[in-house]
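Residues per chain, in single letters:
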Amino acid sequence: MTPLVELKNISLSFGGVRAVDNVSLDLFPGEVVGLLGHNGAGKSTLIKILAGAYQMDEGEIWIEGKKANIHSPRDARRHNIETIYQTLALADNLDAPSNLFLGRELTNRFGLVDDAQMEAETRKIMARLNPNFKKISEPVSALSGGQRQSVAIARAVYFNAKILIMDEPTAALGVHESKMVADLIKELKAQGLGIFLISHDTREMLDLCDRVSVMKNGALIGTEKVGDVTEDDILSMIIMGKARDAA
Amino acid sequence: MTDTTTETGAAVRPSPTAPKRSFLSQLEIDTRLLGMIGAFILVCLVFNVLTDGRFLTPRNIFNLTIQTVSVAIMATGMVFVIVTRHIDLSVGAMLATCSAAMAMTQTDILPRLLGLGLGHPLTPWIAIAVGLVVGISIGAFQGWLIGFLTIPAFIVTLGGLLIWRNVAWYMTDGQTIGPLDETFRKFGGINGTLGETWSWVVGVIAVLAALWALWSARSNKINHGFPIKPVWAEILVGLIIAGGIMGFVATLNAYEVPTARLIREFKARGDVMPDGYAAAYGIPYSVLLLIAIAIGMTVMARRTRLGRYIFATGGNPDAAELSGINTRLLTVKVFALMGGLIALSAVVASARLTNHSNDIGTLDELRVIAAAVIGGTALAGGIGTIHGAILGALIMQSLQSGMAMVGVDAPLQNIVVGAVLVLAVWIDIVYRRRLGGK
């Protein structure tokens, strides 16, 4: 089976700091791979390279068995890679439909932005993702953390992603909303999407992921199947920075 | 996240005409805009009383309108510049360079190179094209410095303020260049108006277009099943717009051309003016130009991808970038557009003066920025409207000429305008805070 994504020997330095150091990872369809590690371990940097937000210094990205050139977020979107950023990356002054379709606006036959159509589509997907979502035409700055999160999630899900990157999707959420995100991840996984998930919640990761990869100081410590490890194993990998065999 | 019970729940929307909504919210008029219109009317009424009714005469309203055009055209472009979190301090200086280029084209370059003198039918259009090329090029270049070399806009355009002001001086040796081509001068205001009949025609077309826009917006909402305004609110808004447009046309049509000037015009044609003949000015071409620009810029802001990206970038540059928007190229486009609008503004300004003078556009950058800011454009970026900026320009011009009519000393005039700018922004901050982060 061809992996959906193969990251091969990726490195990126900022100034003298090696933020990502020779990391290789893969992701198969219908699989959730979790990325774990301390703050500054290089998780977000690594997935931002895949998302096109950062340019790697060395390494290769292969998508569905073919080498991919990803130099911008636009390139990543072309490869059906969608990203939910930790910061959500929403334009606060715009409403939910404008954010959902940002960079991919629906237009009418005159080439003008079709707000009504986008609002209708937004209502449709929101009815599915977050039925309590009512403030369709308010700027997203007026929304609660959970509602903002659902706008960001809707944006990633709407465009038929094959590869989904979720950077701390539940960090700003309450218990109930976190449960909804977890259910969504399971549903998308069943549809055959590949998902990279970043979270600090080890228990949640063991629940949702098929495999977990641990990073420390930019380097990959190891990748384990969740069935093979305990929460303590993972924690010691995060803290000690040693692969399980060596521990 | 997909259970059927919630889907049916989402289908039940609140009734479109919930009884609790207030009168104003049923009309769905921007209360901020309403406040500005209120402030403008108040300014007009106060000056009208202070001047014993001389402020609100057709003649003064006509003058006020043509005095506002130049700053208002540039203010529409400044909205986009400020919305993307930049600033342009060079607009007055660029206006001088564009004006100098156009004046030299008409009076020196065209006669020398092509033998086309003043009065040749091509002269004004070639001059305007030259002005546009100069304005757009300078704007695009400054935008490139800002977007691609990441030099702060404040610095680039502060340098530009010195550079372009003196490029204009250098081009003309500091001399006043004139008179300009007669057709070119028609864009200045009083020298080029539609006359009574055509003004009414334009007014009627504008009313029909506005009503059609209201109707199509409503039917579009109905098609998608969105909540709509009650019919009476729709009709009331339509009536207010129609009344405003026709009232404006009627006022401009009420300003009659002085008899002495009419006699002169008839004499020039070798005729004698019939007794009791009267003619009105009607809508000036410069005002038509402003209206066309206002409509074009509003459509761009609200209904094009470029406009959407401008506002998204202002709201959150990182998010815009991550959404695949080329924010650097966007900066170039915004400043190039500003440059083009400056060129058009330079046409109006120099045509109004009937010549290019060395100090044309001096301090315009401050008037333009003030108009945009009074009109509700937030310096933090992401927020601003085209109609607000035009109204801001109109309020500033009303204050200035009103005080001049009352006989307020020049230094006091500027002190008041400065204070109003600060006050307007403070009121805006308080207003936005009350609305809660909007």
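Residues numbered from 1 in each chain as written. Chains lettered and ligands numbered in written order. Predicted model: local features only at pLDDT ≥ 70, side-chain atom pairs only at ≥ 80, totals over all residues.

1. Some points on the overall build of chain B
Within chain B one finds 18 helices and zero strands. For chain B, the C-alpha radius of gyration of 24 Å lies close to 22 Å, the compact-globule estimate for 438 residues. Principal axes of the C-alpha set define a box for chain B whose edges measure 85 × 60 × 45 Å. Restricting to contacts in chain B with at least 6 residues of sequence separation, those with at least 24 account for 79%. (Helix = DSSP H or I, 4+ residues; strand = E, 2+ residues; numbered from the N terminus. Rg over C-alpha atoms; globule rule 2.2 N^0.38 Å. Contact = placed C-beta atoms within 7 Å.)

2. Some points on the domain arrangement of chain A
Residue and element names in this part refer to chain A. Segmenting chain A into domains produces domain 1 (1-80 + 161-246) and domain 2 (95-159). Summarising the inter-unit geometry, the C-alpha centres of domain 1 and domain 2 are found 27 Å apart. Listed as interface residues are eight residues of domain 1 and, on the opposing side, seven residues of domain 2. For the side of domain 1 that touches domain 2, a count of residues per class yields six nonpolar, one polar and one charged. (Domains from an automatic or database assignment. Nonpolar A, V, L, I, M, F, W, Y, C, P; charged D, E, K, R; others polar.)

3. Quick look at helix α7 (residues 153-172) of chain B
Residue and element names in this part refer to chain B. The terminal C-alpha atoms of α7, which comprises 20 residues, lie 28 Å apart, in line with the 28 Å expected from a rise of 1.5 Å per residue. Within α7, the axis deviates most sharply at L161, by approximately 25°. For α7, every residue scored as buried is listed here: A153, V156, T157, G160, W164, R165, A168 and T172. Residues of α7 that are buried make contact with α5 (91-113) and α6 (123-147). At the exit of α7 stands D173, carrying a positive phi of roughly 55°. (Expected span 1.5 Å × (residues − 1). Bend = angle between axes of the 7 residues up to and from the residue. Buried ≥ 20, exposed ≤ 12 C-beta atoms within 10 Å, placed from the backbone.)

4. Focus on the nonpolar core
Among the nonpolar cores identified, the biggest contains 170 residues, and A:L50, B:A75, B:M78, B:I342, B:A371 and B:A372 are the most heavily contacted of them. At 16 residues, the largest contribution of residues to this core is made by helix α15 (residues 327-353) of chain B. B:A372 has contacts with B:A75, B:M78, B:V79, B:I82, B:T377, B:G384, B:A389 and B:G392, leaving out every residue within four places of it along the chain. (Core = buried A, V, L, I, M, F, W, Y, C linked by C-beta atoms within 7 Å.)

5. Quick look at the interface of chain A and chain B
Taken residue by residue, the interface counts 32 residues in chain A and 31 residues in chain B. Secondary-structure elements contributing two or more residues to the side of chain A that touches chain B are α2 (73-78), α4 (115-129) and α6 (175-190) of chain A. Of all the elements, α4(A) adds the most residues to the side of chain A that touches chain B, at six residues. Grouping the amino acids of the side of chain A that touches chain B by side-chain chemistry returns 19 nonpolar, five polar and eight charged.

6. Topic: the packing of α6(B) against α7(B)
Residues and elements named next belong to chain B. Contact pair α6 / α7: the axes reach a minimum separation of 9 Å and the direction vectors enclose 145°. Where α6 crosses over α7, the two elements pack in a sense that is right-handed. Between α6 and α7, the contacting residues are I138, Q142, L145 and I146 on the first element and A153, V156, T157, G160 and W164 on the second. Of the residues belonging to the contact of α6 with α7, the class tally is six nonpolar, three polar and no charged. (Axes fitted to C-alpha atoms, helices over the stretch in contact; angles between N-to-C directions. Left-handed = near helix turned anticlockwise from the far one by under 90°.)

7. Considering the domain arrangement of chain B
Residue and element names in this part refer to chain B. Here chain B is described as being made up of domain 1 (27-192 + 285-435) and domain 2 (193-283). Taking only C-alpha atoms, the centre of domain 1 and the centre of domain 2 are 24 Å apart. Listed by contribution, the elements that provide at least two residues to the side of domain 1 that touches domain 2 are α4 (58-83) and α12 (285-303). If you tally residues by element for the side of domain 1 that touches domain 2, the top one is α4, at four residues. Along the lines of polarity and charge, the residues of the side of domain 1 that touches domain 2 split into eight nonpolar, one polar and two charged.

8. Observations concerning the sheet that holds strand β9 (residues 211-216) of chain A
Residues and elements named next belong to chain A. Reading across from one edge, β6-β7-β8-β3-β9-β10 is the order of the six strands in this open sheet, with mixed pairing throughout. In the strand order of this sheet, the two ends are held by β6 (81-84) and β10 (219-225), each with one partner. Taking each pair of neighbouring strands and ignoring which way they run, the sheet shows an average axis angle of 15°. By the bridge criterion, four bridges tie strand β3 (residues 32-36) to strand β8 (residues 194-198) in an arrangement that is parallel. If you follow V33 over to β8, its bridge partner there is F196. (Pairing = 2+ DSSP bridges.)

9. Quick look at the UniProt feature "domain: ABC transporter" (unreviewed entry) in chain A
Per the UniProt annotation, the sites labelled "domain: ABC transporter" (unreviewed entry) are residues 5-242 of chain A. This span, residues 5-242 of chain A, is 34% helix and 26% strand, and a straight line between its end C-alpha atoms measures 25 Å. (UniProt positions renumbered as here; feature names shortened; annotations may be inferred.)

10. Notes on the sheet that holds strand β2 (residues 17-27) of chain A
Residues and elements named next belong to chain A. Judged by pairing direction, the sheet is antiparallel, and its four strands sit side by side in the order β2-β1-β4-β5 without closing on themselves. Both edges of this open sheet fall to β2 and β5 (66-68), since each of them pairs with a single strand only. Within the sheet, the average angular offset between the axes of one strand and its neighbour, ignoring direction, is 30°. Relative to β2, strand β1 (residues 5-14) is paired through seven bridges, and the arrangement is antiparallel. Counterpart to S13 in the pairing with β2 is R18. Helix α1 (residues 43-50) contacts β1, β2 and β4 (58-63) of the sheet and is inclined by roughly 120° relative to β1.

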